[in-house]
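Each chain, written out:
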Amino acid sequence: MTDRNAELFERAKALIPGGVNSPVRAFRAVGGTPRFVQRAQGAHFWDANGRRYIDYIGSWGPMILGHGHPAVVEAVHKAALDGFSFGAPTEREVALAEAIVELVPSLEMVRLVSSGTEAGMSAIRLARGATGRKKIVKFEGCYHGHADALLVKAGSGLATFGNPTSAGVPPEVVQHTLVLEYNNLEQLEAAFAEHGADIACLMIEPIAGNMNFVRASVPFMTRCRELCTKHGALLAFDEVMTGFRVALGGAQSVYAKLIPGFEPDMTVMGKVIGGGMPLAAFGGKRAVMEQLAPLGPVYQAGTLSGNPVATACGLATLAEIRKPGFFDALSARTRALVDGLKAEARDAGVAFSGDSEGGMFGFFLMPELPQNYQTVMKTDGARFNALFHGLLDRGVYIAPALYEAGFVSAAHSEQDIADTLSAAREALRQLPR
Ligand SMILES: *Cc1c(COP(=O)(O)O)cnc(C)c1O
C-alpha cells in the first residue's frame, strides 16, 4: 500500500521548509511521518491514507465543539455568501466585541486581530505605550506568540535579562524582557524590587499550556497581582489557549473564585474565539485601550482584522459554549479521560500525573505534577515518544511533543474516551522501562 502521508510529506518538504507551516506539526520531536489531514468530523479526523484518529489537538485548542458543528458550518456558509472581507466595519465585529466583554468581566474594550501572536505583540506595545515604560516580565515555558521581544529565555543568574531563543532576534531587542521561573516567588519579588518602576507589564499564561499543563499557584498569582498594582505595571493574562476553553470566563474566572476580587488588567485571546478561523483579540480597561490608534498614540492595524467570515465562526462558537451546562459536561468528560489515564498508568506500573481544567488537560510521565518548565523538561523524552507512537498506532492523536497541552471537545463521546483508554492501556504496557 502506498503511504499517502509520506508522499505528501516528500512533496511538502521540497517547497515548504520542513514540510510544514508551523514547526511542531513536523513530528521532529517524536519522529515519524506527520499525518496529513484530509477531513474531520466531530472528535475525529482522517489522514491521507483514510485512517481515522481520535483528535486530542483540536487545531491546538480552537475546536471546542469538535469539527464541523452544524450551527457553526451554517453561520460560516451564510457569512461567506455575503462577502469574505471588506476593509470596512461590520455588525458582526460589534456583536463579537459585545459577547467577549460580556463573558470576560475584566474587559471594558477589545480589539480584534487575526492571530494570537499579533494579539500578544500588540498588547505589549500597548502596555508600553500606556505606561511609558520599557520592561516586560515573562516566564520561562510560557509562549506568547513569536514576536521578537518574546522569543527569549532566562539568562544565567537570578532575574537577569534574557537571551534570544531564535536566530534573527538581536540581543538588543530582548534586553527589556525579564524572564523568570514560573511559580517562583523569590524571583518575582527580586525582579520587582529591582526593576518595578520600569516594568510596563507582566505577561503570563495563568494555566500554562505551552509547557504541557502547569497552573500558576494561588500564592504566586496573588503576588503577581499585588506587585503589578504596587508598582503600576499592567498584569496581562495570555488567555489565547485558556480563554473560553478552561471556563466560559477563561482562567481569570477560575482564579477569581480562589482570590477574592481578582482580575487582570489586560487579556490576550485567540484560538476558541475564532472557532477555527484566524481570529484573536486583546482587551482591557477603557483608559488603556483608548491609547490605541485612532484614538491614541499606540499604532496597531490589520487588513483582515475582524474578518466577517471569522467573526461569524467565532460568534456561532461562543453561542454554543455559553449554553447552560456546556462547561460542566466538557469538564466532566475531560476529567474522565485524565482519571482514566491515571488508572491505566497505575495498573501498568508507570509513574504518571495529570491535571485538567474545563476542556484542557495535560499529563506527565512523572509521579508529581511539575511546577515550572525546568521540571517539565525532565520528562523522559524517549518514553513520551514511545507513548505518543503507541497511541498514534492505535488511532489516538495527542500532541506530538511532551510540552504541549491536550484538548477535549464537546464532540468527544463516552465511547471515544473508552477507546482512548483501551489504546492507552496497551501503549502504556509497552513502554520501555
Ligand atoms: C497559541 C498561543 C499563542 C499564539 O497564537 P497564534 O495564533 O498561534 O499566533 C499565544 N499565546 C498562547 C498562550 C498560545 O497558546
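Fair warning: this is a prediction, and the values are worked out from it, not measured in the lab. (Residues numbered from 1 in each chain as written. Predicted model: local features only at pLDDT ≥ 70, side-chain atom pairs only at ≥ 80, totals over all residues. Heavy atoms only, no water.)

Participant: Could you give an account of the UniProt feature "modified residue: N6-(pyridoxal phosphate)lysine" (unreviewed entry) in the protein, naming the residues involved and the relevant values?
Facilitator: The UniProt record marks Lys-271 with the feature "modified residue: N6-(pyridoxal phosphate)lysine" (unreviewed entry), using the residue numbering of this structure. Summarising the element assignment, Lys-271 is placed in the loop between strand S13 (266–269) and strand S14 (280–284). With sequence-adjacent residues up to four places away left out, Lys-271 is seen in contact with Trp-60, Pro-62, Val-240, Met-241, Gly-276 and Leu-279. (UniProt positions renumbered as here; feature names shortened; annotations may be inferred. Helix = DSSP H or I, 4+ residues; strand = E, 2+ residues; numbered from the N terminus. Contact = heavy atoms within 4.5 Å.)

Participant: Explain the site of the ligand to me, using residue names and the numbers behind them.
Facilitator: Residues in contact with the ligand, as listed here, are Ser-115, Gly-116, Thr-117, Tyr-143, His-144, Gly-145, Glu-205, Asn-210, Asp-238, Val-240, Met-241 and Lys-271. One of the backbone N or O atoms of Tyr-143 is found 3.0 Å from a nitrogen atom in the ligand. Contact between the ligand and Lys-271: an oxygen atom at 2.6 Å from a side-chain N or O atom of the residue. Considering the ligand on its own, with 380 Å² of exposed area, one finds that the protein chains cover 82% of that surface. (Near = heavy atom within 4 Å. Polar contact = N/O pair within 3.5 Å; in protein donor to acceptor, adjacent residues only side chain to side chain. Areas by Shrake-Rupley, 256 points an atom, 1.4 Å probe, with all protein chains shown as cover.)

Participant: How would you explain the domain arrangement of the protein if you had to name every residue and give the values?
Facilitator: Per the domain assignment, the segments of the protein are domain 1 (4–68 + 324–429) and domain 2 (70–321). Centre-to-centre separation of domain 1 and domain 2, based on C-alpha positions: 25 Å. In this complex, domain 1 contributes 32 residues to the contact, which on the side of domain 2 involves 32 residues. With both sides pooled, the region where domain 1 packs onto domain 2 buries about 2,600 Å², and carbon together with sulfur makes up 61% of that total. For domain 1, the biggest contributors to the area lost against domain 2 are Phe-327, Glu-357 and Met-360; these three give 23% of the whole. Our count for the contact surface shared by domain 1 and domain 2 stands at two salt bridges. In this structure, Asp-355 engages Arg-215 in a salt bridge whose closest nitrogen and oxygen atoms are separated by 2.7 Å. Our count for the domain 1 to domain 2 interface comes out at 14 residue pairs in polar contact (both at pLDDT 80 or more). The set of elements that each furnish at least two residues to the side of domain 1 that touches domain 2 consists of helix H10 (326–348), strand S15 (353–357), strand S16 (360–364) and helix H11 (373–376). (Domains from an automatic or database assignment. Buried area = accessible area lost by both parts, 1.4 Å probe. Salt bridge = Lys/Arg side-chain N within 4 Å of Asp/Glu carboxyl O.)

Participant: Lay out the nonpolar core with the relevant residues and their values.
Facilitator: One finds Ile-100, Phe-139, Leu-202, Ile-204 and Phe-244 to be the most contacted residues of the largest nonpolar core, which totals 105 residues. A total of eight residues in this core trace back to one element, the largest contributor, which is H10. Shared between two domains, this core takes at least three residues from each, and those domains are domain 1 (4–68 + 324–429) and domain 2 (70–321). Judged by nonpolar contacts, the second largest core, of 22 residues, contains Leu-150, Ala-236, Ala-280 and Phe-282. (Core = buried A, V, L, I, M, F, W, Y, C linked by side-chain atoms within 4.5 Å. Buried < 20%, exposed > 50% of the residue type's maximum accessible area, 1.4 Å probe, protein only.)

Participant: I'd like a rundown of helix H9 (residues 308–321), residues and numbers included.
Facilitator: For H9, which comprises 14 residues, the first-to-last C-alpha distance of 20 Å matches the rise-based estimate of 20 Å (1.5 Å per residue) to within 8%. Most of H9 sits out of view: twelve of its 14 residues are buried. Among all positions of H9, only Pro-308, Val-309, Ala-310, Thr-311, Ala-312, Cys-313, Gly-314, Ala-316, Thr-317, Leu-318, Glu-320 and Ile-321 are buried. Against the buried residues of H9 lie helix H2 (70–81), helix H3 (91–103), strand S4 (109–113) and H10. The distance from a side-chain oxygen at the start of H9 to the backbone nitrogen of Val-309 is 2.9 Å, and the residue carrying that oxygen is Asn-307. (Expected span 1.5 Å × (residues − 1).)

Participant: So, unusual backbone geometry: which residues are in play, and what are the values?
Facilitator: Peptide bonds are trans in most cases, and residues, glycine excluded, mostly fall at negative phi. That bond from Ala-293 to Pro-294 is cis: its omega, 10 degrees, falls within 30 degrees of zero. Inspection of the secondary structure puts Pro-294 in the loop between helix H8 (286–289) and H9. At Asn-212, a position not held by glycine, the phi torsion is positive, near 80 degrees. Relative to the helices and strands, Asn-212 resides in the loop between strand S10 (207–208) and strand S11 (214–215).

Participant: Before we move on, could you go through the sheet that holds strand S2 (residues 44–47) and cite the residues and values that matter?
Facilitator: Working definition: the strands of a sheet are paired by backbone hydrogen bonds and lie parallel or antiparallel to each other. Judged by pairing direction, the sheet is mixed, and its four strands sit side by side in the order S1-S2-S3-S17 without closing on themselves. With one partner strand each, in any of the chains shown, strand S1 (37–41) and strand S17 (396–397) form the two edges of the open sheet. Those strands touched by helix H13 (residues 414–429) are S2, strand S3 (52–55) and S17, and its axis lies near 105 degrees from that of S3. (Pairing = 2+ DSSP bridges. Axes fitted to C-alpha atoms, helices over the stretch in contact; angles between N-to-C directions.)

Participant: Account for the pairing of strand S5 (residues 135–139), naming residues and giving values.
Facilitator: Extensive coverage of S5 is indicated by the burial of five of its five residues. As judged from the four bridges shared by S5 and strand S8 (residues 177–180), these two strands associate in the parallel manner. The residue bridging Val-137 from the neighbouring strand is Leu-178, located in S8.

Participant: Describe the pattern of salt bridges, and please don't skip the residues or the numbers.
Facilitator: For the structure on display, the rule yields 15 salt bridges. The closest approach of N and O atoms between Arg-223 and Glu-226, which form a salt bridge, is 2.6 Å. Linking Arg-223 with Glu-226, this pair stays in helix H6 (residues 218–231), spanning three residues, or about one helical turn. Linking Glu-263 and Lys-285 is a salt bridge whose minimum nitrogen-to-oxygen distance equals 2.8 Å.

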